[in-house]
Amino acid sequence: MQVEITREYIEQVEGAIERQDREFILSTMDEMHPADIITVLYELDANESRYILDLLPPEVGAEILSDLDEDIRNEFLDKFTSEEIARYLSLMHSDDAVDILNEQSVQTREEVIAHIDNDEQAAAILDLLHYEEDCAGGLMAKELIKVNLNWRVRQCIEEVRRQAERVARIYTVYVVDNRDKLLGRVSVKRLLLSKDDTQVKDIYSEDVISIESYKDESEVVSVMQRYDLEAIPVVNIQGRLLGRITIDDVVDVMQEQAELSRQLMTGISENVEEDDSVLRISRARLPWLIIGMVGGLLAAHFMGFYEDDIALLPAIALFVPLITATGGNVGIQSSSIIIQTLSSNEVMFDNITQRLIKVVLVALLNAFIISILVFAATYLFKSDFTLAMVVSVALFSVVMLASMMGTITPMVLDKFGINPAVAAGPFITTANDLLGLTIYFGIAHMLYNL
């Protein structure tokens, strides 16, 4: 039956666990999607979750464990023996099993592998364990469907049926030679429509995109996005087929990268989550807060150089927030677009002149419109032509400078192998504040002393 996950249902589940009402739990979760069961488990403690997991079919339990948040999963697994963990891992895709094993201690890892009774699964896991987590080899799963170049269609179909038992999603059938070197691919449809005695070499396509196992995960994401792939085969240096990476693994990487970039751009120096410790979250936020504080103190100290000008015309101090906020916003906008482009591995430095010209034109248009609007508003409310000129000219200059800084800084950092996301947020905002104030008070000093 369809169950809506509400606070009331969670309380019913807790009550059922307390009185060990297996029938209620099984009847309500029988048709429930594993993702919805995970939502329920997040509301329970580790012992309660363990009780539910023991009642569910092992296949469902394996899917739930592979999709759980890492911290919650490790808390759950503390309640399991190595043999029990091995039973679940033997039912998972090899890449998911390896991800879970990498989170465990070396002793637990070896004990779990020793208890996996599926020799083929154990071999696949051992093969994947030596790859780094953030490379193509660490992302790939060993489960795939491959056929030999010299096989006939009849044999291929039989092999597809056999291999499909351990492959959840069949995107394509890969064609290899006698040494397992990847040669191409053939669709299941083409196999089914071909005559039984037709050889694979007569119907397969050499048009296959692959990636080497040592490539970084960001390159995997870029290739799959560029060619709109649902799966990509992974090969070694010699071109031997090792495994495949599917779109669900790539989506996870994209989410991680987006979250990391978002945190860096907002001044969080580590990848943290809401349920992390107070010390870890504070440590991640504090460095850029200190930089922002230092920038604010420098800005205040800098304004002291123009005390006489401010005393002579206090109205110029009213527009300091306008100058700093606009410069910061323009810098963040420009850097965000560049960082997005860099993250997709688009060519940047081959046509840098053309890109900079475009940036300048956009900045000119924005700066002109904003400065005209500010001039009109300032003159309307203050009736001071010189003040209106100071604010509008300074704002024009700040927008131009912030646009160039927001564009060039991430490109330069990326060129030197530094994550360009660190250039955004507090860094560019603080730099633009100081430069914007320099321009503003410099122009004010010149115009009022003419």
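Reading the values: the criteria
Residues numbered from 1 in each chain as written. Predicted model: local features only at pLDDT ≥ 70, side-chain atom pairs only at ≥ 80, totals over all residues. Heavy atoms only, no water. Pairing = 2+ DSSP bridges. Helix = DSSP H or I, 4+ residues; strand = E, 2+ residues; numbered from the N terminus. 1 Å grid on protein atoms, 1.4 Å probe; cavity = no way out; pocket = protein on both sides within 12 Å on 5 of 7 lines; lining within 4 Å. Points joined across faces, edges and corners; volume = space filled by probe spheres on them. Nonpolar A, V, L, I, M, F, W, Y, C, P; charged D, E, K, R; others polar. Buried < 20%, exposed > 50% of the residue type's maximum accessible area, 1.4 Å probe, protein only. Phe/Tyr/Trp six-rings, centres within 6.5 Å; stacked < 30°, edge-to-face > 60°. Lys NZ or Arg CZ within 6 Å of the ring centre and 35° of its normal. Salt bridge = Lys/Arg side-chain N within 4 Å of Asp/Glu carboxyl O. Core = buried A, V, L, I, M, F, W, Y, C linked by side-chain atoms within 4.5 Å. Contact = heavy atoms within 4.5 Å. Patch = residues over 30% accessible without salt bridge, like charges linked within 9 Å, V, L, I, M, F, W, Y side chains within 5 Å. Areas by Shrake-Rupley, 256 points an atom, 1.4 Å probe, with all protein chains shown as cover.

Before going further, it helps to spend a moment on the sheet that holds strand β4 (residues 211–212). Strands sit in the order β4-β5-β6 across an open sheet of three strands; the sheet is mixed. Of all strands in the sheet, those with a lone pairing partner are β4 and β6 (241–246), marking the two edges. Bridging between strand β5 (residues 231–235) and β6 involves five bridges; their strand directions are antiparallel. Across the sheet, Ile-232 pairs through a bridge with Ile-245, a residue of β6.

Looking now at empty space enclosed by the protein. For the coordinates displayed, the defined rule picks out one cavity of 30 Å³ or more. Together, Val-98, Asp-99, Asn-102, Leu-128, Tyr-131, Glu-133, Gly-137 and Gly-138 line the largest cavity. Of all the secondary-structure elements, those providing two or more residues to the lining of the largest cavity are α8 (94–102) and α11 (136–139). Among the elements that take part in the lining of the largest cavity, α8 stands out by supplying three residues, more than any other. Across the lining of the largest cavity, the residue classes tally to three nonpolar, three polar and two charged.

It is worth spelling out unusual backbone geometry at this point. In the Ramachandran plot, Asp-228 falls in the positive-phi region, its phi being about 55° despite a non-glycine side chain. Looking at the secondary structure, you find Asp-228 in the loop between α14 (217–226) and β5. Assessed through its relative accessible area of 68%, Asp-228 is described here as exposed. Non-glycine residue Ser-383 carries a positive phi angle of around 55°. Along the polypeptide, Ser-383 turns up in the loop between α19 (352–382) and α20 (385–415). Ser-383 gets classed as exposed once you look at its relative accessible area, which sits at 60%.

Once that is clear, we can look at the packing of aromatic side chains. By the definition in use, this model includes six aromatic pairs. Taking 6.3 Å as the distance between ring centres and 0° as the angle between the ring planes, the aromatic pair formed by Phe-375 and Tyr-379 counts as stacked. Here Phe-375 pairs with Tyr-379, and both are found in helix α19, just four residues apart, close to one helical turn. A ring pair is formed by Tyr-379 and Phe-385, whose centres lie 6.4 Å apart and whose planes are at 85°; its orientation type is edge-to-face. Owing to a relative accessible area of 41%, Tyr-379 belongs among the partly exposed residues under this scheme. Cluster of aromatic residues (ring-pair linked, three or more members): Phe-375, Tyr-379 and Phe-385. When the ring centre of Phe-80 is taken as reference, the NZ or CZ atom of Arg-50 above it lies at 4.2 Å.

Moving on, we get to the pattern of salt bridges. The full count for this structure, using the stated rule, is 13 salt bridges. For Lys-146, the salt bridge identified is with Asp-180, shortest N-O distance 2.8 Å. Of this pair, Lys-146 sits in strand β1 (residues 146–148) while Asp-180 is found in the loop between β2 (173–176) and β3 (182–186), placing the two residues 34 residues apart along the sequence. On the basis of relative accessibility, which here comes to 26%, the residue Lys-146 falls in the partly exposed class. With a relative accessible area of 18%, Asp-180 lands in the buried category. A salt bridge links Glu-219 to Lys-215, with the nearest nitrogen and oxygen atoms 3.6 Å apart. Looking at Glu-219, the relative accessible area reads 32%, which means it is partly exposed. A cluster of three or more residues bridged by salt bridges with shared partners is formed by Arg-7, Glu-11, Glu-14 and Glu-43.

One finds Val-13, Ile-25, Met-29, Ile-52, Leu-89 and Ile-245 to be the most contacted residues of the largest nonpolar core, which totals 60 residues. The residues contacting Met-29, other than those within four sequence positions of it, are Tyr-9, Val-13, Ile-37, Val-40, Ile-52 and Leu-56. The next biggest cluster of nonpolar side chains, apart from the first, holds 20 residues, and it includes Ala-299, Ile-310, Leu-387 and Leu-437.

The gaps of empty space that remain are located by a probe, the size of a water molecule, rolled over the atoms. The volume enclosed by the second largest pocket comes to roughly 530 Å³. As for the second largest pocket, its lining consists of 24 residues, of which Glu-120, Gln-121, Lys-142, Glu-143 and Arg-166 are closest to the centre. Those elements that provide at least two residues to the lining of the second largest pocket are α10 (119–129), α12 (153–163) and β6. Ranked by the residues each element gives to the lining of the second largest pocket, the list is headed by α10, at four residues.

What follows deals with the side chain of Thr-172. Note that Thr-172 resides in the loop between α12 and β2. Classification of Thr-172 as buried rests on a relative accessible area of 13%. With sequence-adjacent residues up to four places away left out, Thr-172 is seen in contact with Ile-145, Arg-185 and Val-186.

Before going further, it helps to spend a moment on the environment of Ile-237. For Ile-237, the location among the structural elements is in the loop between β5 and β6. On the basis of relative accessibility, which here comes to 62%, the residue Ile-237 falls in the exposed class. For the pair Ile-237 and Ser-213, spaced 24 residues apart in sequence, the C-alpha separation works out to 8.0 Å.

With that settled, the discussion passes to a nonpolar patch on the surface. Among the surface-exposed residues, Leu-286, Leu-289, Ile-290, Met-293, Val-294, Leu-297 and Leu-298 lie close enough to one another that they form a single nonpolar patch of about 660 Å² accessible area. For Leu-289, the position within the fold is in helix α16 (residues 278–303).

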